[in-house]
Amino acid sequence: PALANTPTDRDLTDWDRTHNLHPWAGIHGWRRDDYMRVNTAEGIHIWDHAGKRFIDGPGGMWCVQIGYGRQEMADAIAAQTMTMPYASPWSFTTEPAAMLARKLADMTPGDLNTVHFTTGGSTAVDTAIRVMQFLNNRLGRPEKKIVISRERAYHGSTYLAATVTGKERFKTRFDKADDLVRFLPDVNPYHRPQAMSIEAWCDEKIADLETLIAQVGADRIGAFIAEPILCSGGVVVPPPGYHRRTREICARHDILYISDEVVTGFGRLGHWFASQEVFGITPDIITCAKGLTSGYLPLGACIISDAVMERIAGPDENDVFYNGYTYCGHPVSCAAALKNIEIMECEDILGHVRRVTPHFQDRLRHIGETFDIVGDARGMGLLGCLECRLDPGNNSYARQQKFGAELDAACEDMGLLLRPFGNMAVFSPPLIITGAQIDEMFDIMEAGLTRLS
Ligand code: PLP
């Protein structure tokens, strides 16, 4: 049937429920009609179709760095659309793609100078793993392909990215290349035994990696992949020294270090990238997406070091790196990314994040100290997580496991959106959030927690 010119609310709800399979939709319950239909957005706020305003706690999906409703973004996107909306990356390059590749090479640490554009984070991770496979096949060591990842890590939803994702639940009923991956146990310092110091916890995590390498054999391990902060895993900030030590171990065993900065890149921690500026390491490969365009258009990138590129280039001059997508370096997405970066530079958004972070983190810690149900309130930069204490023997255990959804519902009522994950609620607001808006956000969270307590 032809679509009506002006669909009613009921039409839209029906069409969405009947035809739009959302990510992670329950296979029986996916025909649900409770997705909030959002109509407009400005700054850190979004409005639903009924006109109710919300602070966007998750910042879209960890991505809307510069906030919504930016005229300059609309203008840049429109201008590129009118001049050159698409060009095949197999045959052509464009000004935005070349400029952005150069810009990313400048922004990333060390000799990370080669940019392979992708359609998002999953395809950036996919590409990084394929780079490792290509490299080791090229070097004549086809056994060196296993990827070490970590429990609770999220790296995406393509076959390879899902394979190295450390959450079994997200792979239910899907195939995955189990022989390609090994997982290190939970690194969350909150989950360490009560009597254990954070230093001892770090030592244990490092020992886990060394033991795994010894068991599997370094000659069979091609890469280690880690988010600087395990974001979807519950904003897990690793113990001090963890990244530096894992990086050293990888270098010693010729294991590529892939830093998945899909969330932590582009200012979330007050720096363009967290690997070097925050954690003091230079990875072999950085993957990024999300904040690269502030979510205005899809784009990702896999950024590879010169050292890796040099080793990839073998004696065969006809060797081809057969990886690519129709939308590699999409000119309109690249124009959006360039404008996004320009806005972040002109408005000193990185400096702003560094200035408001102490207040954000103070309010977060205060919640941890004030509310009994919150076992851990943690974060870094403009990333936060509230984790509900779990007492398996207790009769409120079932409720504790749903803490995230309950807190989200209570806050939603009062105009704040959060992202629930089981017994956790996470948030990563747009980076332009002001001190007063941070207060408003945490005031609502505290009111929500009071309701739940
Ligand atoms: N890597 C990390 C760390 C992520 O958080 C995500 C998405 O949340 C991805 C990769 C996958 O990115 P995308 O959804 O753009 O494919």
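As a starting point, this report considers the structure included with it.

Here is what the cut-offs are and how they apply
- Residues numbered from 1 in each chain as written.
- Predicted model: local features only at pLDDT ≥ 70, side-chain atom pairs only at ≥ 80, totals over all residues.
- Heavy atoms only, no water.
- Buried < 20%, exposed > 50% of the residue type's maximum accessible area, 1.4 Å probe, protein only.
- Helix = DSSP H or I, 4+ residues; strand = E, 2+ residues; numbered from the N terminus.
- Pairing = 2+ DSSP bridges.
- Near = heavy atom within 4 Å.
- Polar contact = N/O pair within 3.5 Å; in protein donor to acceptor, adjacent residues only side chain to side chain.
- Areas by Shrake-Rupley, 256 points an atom, 1.4 Å probe, with all protein chains shown as cover.
- Nonpolar A, V, L, I, M, F, W, Y, C, P; charged D, E, K, R; others polar.
- Core = buried A, V, L, I, M, F, W, Y, C linked by side-chain atoms within 4.5 Å.
- Contact = heavy atoms within 4.5 Å.
- Axes fitted to C-alpha atoms, helices over the stretch in contact; angles between N-to-C directions.

Every second residue of strand β15 (residues 424-427) is oriented toward a common face, with Met424 and Val426 on one face and Ala425 and Phe427 on the other, all of them buried. Pairing analysis gives four bridges linking strand β12 (residues 383-388) to β15, with the strands arranged antiparallel. Bridge assignment links Leu386 to a residue of β15, and that residue is Ala425. Both strand β14 (residues 419-421) and β15 contribute to a ladder of three bridges, which runs antiparallel. By the bridge assignment, Phe421 is partnered in β15 with Met424. Between β14 and β15, which pair antiparallel and follow one another directly, the connecting turn spans two residues, one of which, Gly422, has a positive phi of 55°.

Looking now at the site of the ligand. Around the ligand lies a shell formed by Gly120, Gly121, Ser122, Tyr154, His155, Gly156, Glu227, Asp260, Val262, Val263 and Lys290. A distance of 2.8 Å separates an oxygen atom of the ligand from a polar backbone atom of Gly121. Within the side chain of Lys290, one N or O atom sits 3.0 Å away from an oxygen atom of the ligand. Summarising the interface, the protein chains cover 83% of the accessible area of the ligand, which totals 390 Å² for the free molecule. Of the residues contributing to the shell around the ligand, the split by class is three nonpolar, five polar and three charged.

Another aspect to go through is the nonpolar core. Residues Leu100, Leu104, Phe266, Leu386, Leu407, Phe427 and Met445 are the most contacted members of the largest nonpolar core, which totals 59 residues. For this core, the element with the highest residue contribution is helix α11 (residues 331-346), accounting for eight residues. Ala128, Ala161, Ile285 and Cys302 belong to the second largest nonpolar core, which has 23 residues in total.

Attention now goes to the sheet that holds strand β3 (residues 53-56). Here four strands make up an open sheet; going across it, the order is β1-β2-β3-β13 and the pairing mixed. Both edges of this open sheet fall to β1 (38-42) and β13 (416-417), since each of them pairs with a single strand only. Relative to β13, β3 runs parallel, the two being bridged by two bridges. When the bridges of β13 are listed, Asp56 appears paired with Leu417. The sheet strands contacting helix α15 (residues 435-452) are β2 (45-48), β3 and β13, and the helix crosses β3 at an angle near 105°.

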